[in-house]
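For reference, the chains in residue letters:
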Amino acid sequence: MSKSSSLYVDGDSFFHRMDGAVKLVLLLVWTAVTFLFLDLRIFVVLLVAGISMLLVARIPIKRMKFLFWMLTLFTLMNSIFILLITPRFGSTLTGSNTPLIPLGYDTINVETLFYVLTLSLKYLTLCPITLLFIFTTHPSRFAASLNKLGVPYKMAYAVSIAFRYIPDLSQEFRHILNAMQMRGLGISRGDGNLKQRMRNLSLVVVPLLQSSLQHIESVSDAMDLRGFGTKPKRTWYMGTRAMRSDKIVVLLCVLLLTVGIVLKLQVVQGFWYPL
Amino acid sequence: MNTGIQGSGSSGECKGGFLMKPSIWKWSTRTVVTIGIGAALYGATSWIGIPIAPDTQLRPAIALLAIFGALFGPVVGFIAGFIGHVINDFIQSGTVWWGWALGSGITAAFMGLIYLSKDFNPKDGVIKKKHLISFIIYGVVGIFVSLAFSGLFDIYAMGEPNNKIVIQVISAGLVNLAVFLILGVPAVWAYAKRNRNNANLTVER
């Protein structure tokens, strides 16, 4: 588990200076375009573009390694399960069947292997852009830019509070877990069977809930005292003004989305299988 | 001086504003903070998981969704679940699984429907057997509706094979159900009971 909710890495690249709202639009458009296709060629192009953007942002690789491996591990596991559960799924997409690896109950065919490769690249395509977003966007600035995108400021503030309180609550959760462990009510493997561990975990829920409710009381009182929510609009200390480069990026996003939709409708409809 | 409710039996009465619950559409400061802290709580505890099926985990955090839904209503539950899931994905998994994030929100929204029943008020210790039963029904429906949604999302947006998704959805559904019944329902009950004891205190003069 990572220690802090804010993965933000300070820097001064093009992407660090970019408006948070614009980066969110970029992330969403990128995700939407990726969702449209099941085509290896497009994913390779998007992946290369994404990685070069990450390189431009100059985020230390050490910081990103964990998330990258998490996703790679996920993708690998996912691929293995697809191959084991539906070894001939690829045929339903291509109509052909080229047996390759016998499994005993069935045979993995070339089409499914190629499908799994495509799907894995699809997931990996989403990774660089997500990393770019989370490592170059300051949480407070993000809340301000959400508001600029038209999200009501109360909602944006809730997001901001969530980011702010994750480290505190994880700490508290750990404290409660440790306190329970000292009484012999731990939740790790040595503390008994699964049922016992679940029961011990359930003992943590109520104190954690109680302390969160206390947090809610004190934070909302503090905010009320400062007059939160009395005006229909709000300015942001961390707000940024959109620059010309931001507008260009938004235009590029619109272009990317249009090209994606046109490609989907005209050129590449389904699963691309060259063999 | 009688400050509140005697027990689960006499809870039908509503004295003035004391038992009034705020409308689910009103966004007070408290709503904002509740959503924020609820999302943080869900995000902070989502990392605990026991893997049980292809990329599917037993996540005790589901219980917290149930509690926040029951205490603060479906709207707060939905938004807190969604934001919490997205933030957790940002921190933990390298990409956001939008379908499953919306699924978390939908689960919490369904579980929060119990908040709408008029005489249910765990904050003042009012919870009856019929509330518990409808809470369980809402929860069960919510878990399966949300997983059906997430599964269909994966099939259509991601192009995952149907059979694999069916296995994932069913196993995740059963596990979430178990967590909901073993952790979520008793926690709401325990919370209400604890507050009922408080409400029984009288001031000696």
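So, a few notes on the structure that sits alongside this text. (Residues numbered from 1 in each chain as written. Chains lettered and ligands numbered in written order. Predicted model: local features only at pLDDT ≥ 70, side-chain atom pairs only at ≥ 80, totals over all residues. Heavy atoms only, no water.)

### Some details on the packing of aromatic side chains
So, step 1. Scanning all chains against the criterion turns up 17 aromatic pairs over all chains.
So, step 2. Geometrically, the ring pair formed by Phe 133 of chain A and Phe 90 of chain B is tilted, given 5.6 Å between the ring centres and 35° between the ring planes. Of this pair, Phe 133 of chain A sits in helix α6 (residues 110–136) while Phe 90 of chain B sits in helix α3 (residues 74–92), placing the two residues on different chains.
So, step 3. You can call Phe 90 of chain B buried: its relative accessible area is 6%.
So, step 4. Geometrically, the ring pair formed by Phe 82 of chain B and Trp 98 of chain B is tilted, given 6.3 Å between the ring centres and 35° between the ring planes. With Phe 82 of chain B in helix α3 and Trp 98 of chain B in helix α4 (residues 98–111), the pair connects residues that are 16 residues apart, well separated along the chain.
So, step 5. The rings of Phe 133, Phe 142 and Phe 163 of chain A together with Phe 90 of chain B are connected pair by pair, giving a single aromatic cluster.
So, step 6. Over the ring of Tyr 165 of chain A we find Arg 164 of chain A; its NZ or CZ atom is 4.6 Å from the centre of that ring. (Phe/Tyr/Trp six-rings, centres within 6.5 Å; stacked < 30°, edge-to-face > 60°. Helix = DSSP H or I, 4+ residues; strand = E, 2+ residues; numbered from the N terminus. Buried < 20%, exposed > 50% of the residue type's maximum accessible area, 1.4 Å probe, protein only. Lys NZ or Arg CZ within 6 Å of the ring centre and 35° of its normal.)

### What to know about the packing of helix α8 (residues 153–182) of chain A against α3 of chain B
So, step 1. Two numbers describe how α8 of chain A lies on α3 of chain B: the axes approach to 11 Å, and their chain directions differ by 50°. Classified by the angle between their axes, α8 of chain A and α3 of chain B sit oblique to one another. Between α8 of chain A and α3 of chain B lies a crossing of right-handed hand. For the pair α8 of chain A and α3 of chain B, contact is made by Met 155, Val 159, Ala 162, Phe 163 and Ile 166 of chain A and by Ile 79, Ile 83, Ile 87 and Ile 91 of chain B, respectively.
So, step 2. Its residues assigned to classes, the contact of α8 of chain A with α3 of chain B comprises nine nonpolar, no polar and no charged. (Axes fitted to C-alpha atoms, helices over the stretch in contact; angles between N-to-C directions. Parallel < 35°, antiparallel > 145°, perpendicular 65-115°, else oblique. Left-handed = near helix turned anticlockwise from the far one by under 90°. Contact = heavy atoms within 4.5 Å. Nonpolar A, V, L, I, M, F, W, Y, C, P; charged D, E, K, R; others polar.)

### Side note on empty space enclosed by the protein
So, step 1. Enumeration according to the criterion identifies seven cavities of 30 Å³ or more in this entry.
So, step 2. Within the residue set of the lining of the second largest cavity, elements represented by two or more residues are α9 (194–225) of chain A together with α2 (61–72) of chain B.
So, step 3. The dominant element in the lining of the second largest cavity, judged by the number of residues it contributes, is α9 of chain A, at four residues.
So, step 4. Tallied by class, the residues present in the lining of the second largest cavity amount to ten nonpolar, one polar and no charged. (1 Å grid on protein atoms, 1.4 Å probe; cavity = no way out; pocket = protein on both sides within 12 Å on 5 of 7 lines; lining within 4 Å. Points joined across faces, edges and corners; volume = space filled by probe spheres on them.)

### Here we look at the interface of chain A and chain B
So, step 1. Facing the 65 residues of chain A at the interface are 54 residues of chain B.
So, step 2. Between chain A and chain B, roughly 5500 Å² of surface is buried when both sides are summed, and carbon and sulfur atoms account for 78% of that area.
So, step 3. Note that Arg 30 of chain B is salt-bridged to Glu 217 of chain A, the shortest N-O span being 2.6 Å.
So, step 4. Where chain A touches chain B, the interface holds nine residue pairs in polar contact (both at pLDDT 80 or more).
So, step 5. Contributions of two or more residues to the side of chain A that touches chain B are made by α2 (20–36), α4 (61–85), α6, α8 and α9 of chain A.
So, step 6. Broken down by class, the residue content of the side of chain A that touches chain B amounts to 46 nonpolar, 13 polar and six charged. (Buried area = accessible area lost by both parts, 1.4 Å probe. Salt bridge = Lys/Arg side-chain N within 4 Å of Asp/Glu carboxyl O. Polar contact = N/O pair within 3.5 Å; in protein donor to acceptor, adjacent residues only side chain to side chain.)

### Some remarks on the environment of Lys 128 of chain B
Residues and elements named next belong to chain B.
So, step 1. With respect to the secondary-structure elements, Lys 128 resides in the loop between α4 and α5 (129–158).
So, step 2. It is 9.2 Å that separates the C-alpha atoms of Lys 128 and Trp 189, two residues lying 61 residues apart in sequence.
So, step 3. Engagement of the side chain of Lys 128 in a polar contact is seen with the side chain of Asp 119, the distance being 3.1 Å.

### Digging into a nonpolar patch on the surface
So, step 1. Taken together, the side chains of Ile 248, Leu 252, Leu 255 and Val 259 of chain A present a nonpolar region at the surface, about 370 Å² in accessible area.
So, step 2. As for its placement among the helices and strands, Ile 248 of chain A is situated in helix α10 (residues 244–266). (Patch = residues over 30% accessible without salt bridge, like charges linked within 9 Å, V, L, I, M, F, W, Y side chains within 5 Å. Areas by Shrake-Rupley, 256 points an atom, 1.4 Å probe, with all protein chains shown as cover.)

### What about the pattern of salt bridges?
So, step 1. A full pass over the atoms with the stated rule returns seven salt bridges over all chains.
So, step 2. For Arg 41 of chain A, the salt bridge goes to Asp 39 of chain A, with nearest N and O atoms at 2.8 Å.
So, step 3. Accessibility expressed as a relative area gives 40% for Arg 41 of chain A, which makes it partly exposed.
So, step 4. With a closest N to O distance of 3.5 Å, Arg 164 of chain A and Asp 168 of chain A form a salt bridge. Taken together, the residues Arg 164 of chain A and Asp 168 of chain A, both in helix α8 and four residues apart, mark about one turn of the helix.
So, step 5. For Arg 164 of chain A, a relative accessible area of 46% corresponds to the partly exposed category.
So, step 6. Taking relative accessible area as the criterion, Asp 168 of chain A reaches 30% and is therefore assigned partly exposed.
So, step 7. Through salt bridges with shared partners, a single ionic network connects Asp 119, Lys 128 and Lys 130 of chain B.

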